[in-house]
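# Overview (structure and organization)
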Amino acid sequence: MRAGVGTDVGDFRFDVGASVSRGNFSPYPSDVPVWLQPSASLLPGNWHGTSRLEHEGVDASGVYRFGADGWVSVGGSVARARLIPAQEALAGPLDWTGSRVQLGVGYGNFSGELVGRSIDLPGGEPSWSGLDIGVSWRTPWHGRLTFGTQNVISRGRSPWVLDGESGEDGQRTPYVRYQQDL
């Protein structure tokens, strides 16, 4: 469930939101990040049965428009998640917190964005942080072409690395994305 509210004040736009979700899933071990694998020190035993994931988060953003075509945006979010494994009696719940800060700027059909993310892991595991960068062009036919790189700078081992992957490079991922408004 997600709820939010926004308001315009002159050249400024402010938005605040909150989200809550809860769900059950039966993970296949190779689809679970390494730090949640049964062999990890955090989760002894094996992954049999249904686990539960809970999530709560808040976010806020603001946009300042200048001139006819310019804007600057700042946003952020903080979320807490809890994984309750099927064998809760053996491992107990795992909690982690993630945060995100975004800075964007645009003029006309061009825009750029920097996004910083961090995840604090449970059980004394080192935290992870990464910085993403991207530039976009809004096409005349209402499409959007974006070039960017996720984790252009990162610190720590990515918590979303699957078993058998090193994760030492922070999972740096260049990308090209095309979106079309219908």
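Preceding this paragraph is the structure being described.
None of these values were measured; they are calculated from a predicted model. (Residues numbered from 1 in each chain as written. Predicted model: local features only at pLDDT ≥ 70, side-chain atom pairs only at ≥ 80, totals over all residues. Heavy atoms only, no water.)

### So, the nonpolar core
How we decide: To qualify as a nonpolar core, a set must consist of buried Ala, Val, Leu, Ile, Met, Phe, Trp, Tyr and Cys residues joined through side-chain atoms within 4.5 Å. Exposure categories follow from relative accessible area, calculated using a 1.4 Å probe and restricted to protein chains: below 20% of the type maximum is buried, above 50% is exposed, and the middle band is partly exposed. Helix and strand assignments come from DSSP, with helices taken as H or I runs of at least 4 residues and strands as E runs of at least 2, each series counted from the N terminus. By the convention used here, residues are in contact when the closest approach between their heavy atoms is within 4.5 Å.
Core analysis: the biggest nonpolar cluster contains 7 residues, these being Ala81, Leu83, Leu94, Trp96, Ile119, Leu121 and Trp128. Where this core is concerned, the elements lending two or more residues are β4 (70–84) and β5 (94–107). In contact with Ala81, not counting residues within four places along its chain, are Glu54, His55, Leu94, Asp95 and Trp96.

### Here's the deal with the packing of aromatic side chains
Using the following cut-off: Only Phe, Tyr and Trp rings are paired, with Trp represented by its six-membered ring, and only when their centres lie within 6.5 Å; those with planes under 30 degrees apart are stacked, over 60 edge-to-face, the remainder tilted.
Within the structure shown, the criterion is met by 4 aromatic pairs. With a centroid separation of 5.9 Å and an interplanar angle of 10 degrees, the aromatic rings of Phe12 and Phe14 are classed as stacked. A residue is classified by how much of its surface remains accessible, and Phe12, at 38% relative accessible area, is partly exposed. Judged by relative accessible area, Phe14 falls into the partly exposed class, the value being 42%.

### Notes on the pattern of salt bridges
To be explicit about the condition: The term salt bridge refers to a side-chain nitrogen of Lys or Arg lying within 4 Å of a carboxyl oxygen of Asp or Glu.
Summed over the entire model, instances satisfying the criterion amount to 9 salt bridges. A salt bridge links Arg22 to Glu56, with the shortest nitrogen-to-oxygen separation between them at 3.2 Å. Note that Arg22 is positioned in strand β2 (residues 12–25) and Glu56 in strand β3 (residues 51–66), a separation of 34 residues in sequence. One salt bridge in this structure joins Asp95 and Arg80, with 3.8 Å as the shortest N-O distance. Note that Asp95 is positioned in strand β5 and Arg80 in strand β4, a separation of 15 residues in sequence. With a relative accessible area of 36%, Arg80 lands in the partly exposed category. Among the ionic contacts, a cluster of salt bridges with common partners joins Arg22, Glu56, Arg80, Arg82 and Asp95.

### A word on the layout of surface pockets
The condition is simple: Residues are called lining when one of their atoms sits within 4 Å of a cavity or pocket point, these points coming from a 1 Å grid over the protein atoms alone, where a cavity is a set in which a 1.4 Å probe fits but cannot get out and a pocket is an open set with protein on both sides within 12 Å along at least five of seven lines. Grid points are joined across faces, edges and corners, and a volume is the space filled by probe spheres set on the points.
Of the volumes computed, that of the largest pocket is approximately 300 Å³. Glu113, Val115, Thr146, Tyr175 and Arg177 are the residues nearest the centre of the largest pocket, which is lined by 19 residues in total. Elements that contribute at least two residues to the lining of the largest pocket include exactly β4, β5, β6 (110–120), β7 (128–138), β8 (143–155) and β9 (173–180). It is β7 that contributes the most residues to the lining of the largest pocket, 5 residues altogether.

### Quick word on the environment of Arg100
Relative to the helices and strands, Arg100 is located in strand β5. Assessed through its relative accessible area of 34%, Arg100 is described here as partly exposed. With 31 residues separating them along the chain, Arg100 and Leu131 place their C-alpha atoms 9.7 Å apart. When residues no more than four places from it in sequence are discounted, the contact partners of Arg100 are Gly75, Gly76, Ser77, Val115, Gly116 and Arg117.

### Re the pairing of β8
This is how the line gets drawn: Each pair of strands is called paired provided DSSP finds at least two bridges between the two strands.
Relative to β8, β7 is paired through 9 bridges, and the arrangement is antiparallel. Pairing of Ser129 across the sheet is with Arg155, part of β8. The hairpin formed by β7 and β8 contains 4 residues between the paired strands, and His142 there has a positive phi angle of roughly 65 degrees. Summarising the sheet, β8 and β9 pair through 8 bridges and their orientation is antiparallel. Counted as the bridge partner of Phe147 is Val176 from β9.

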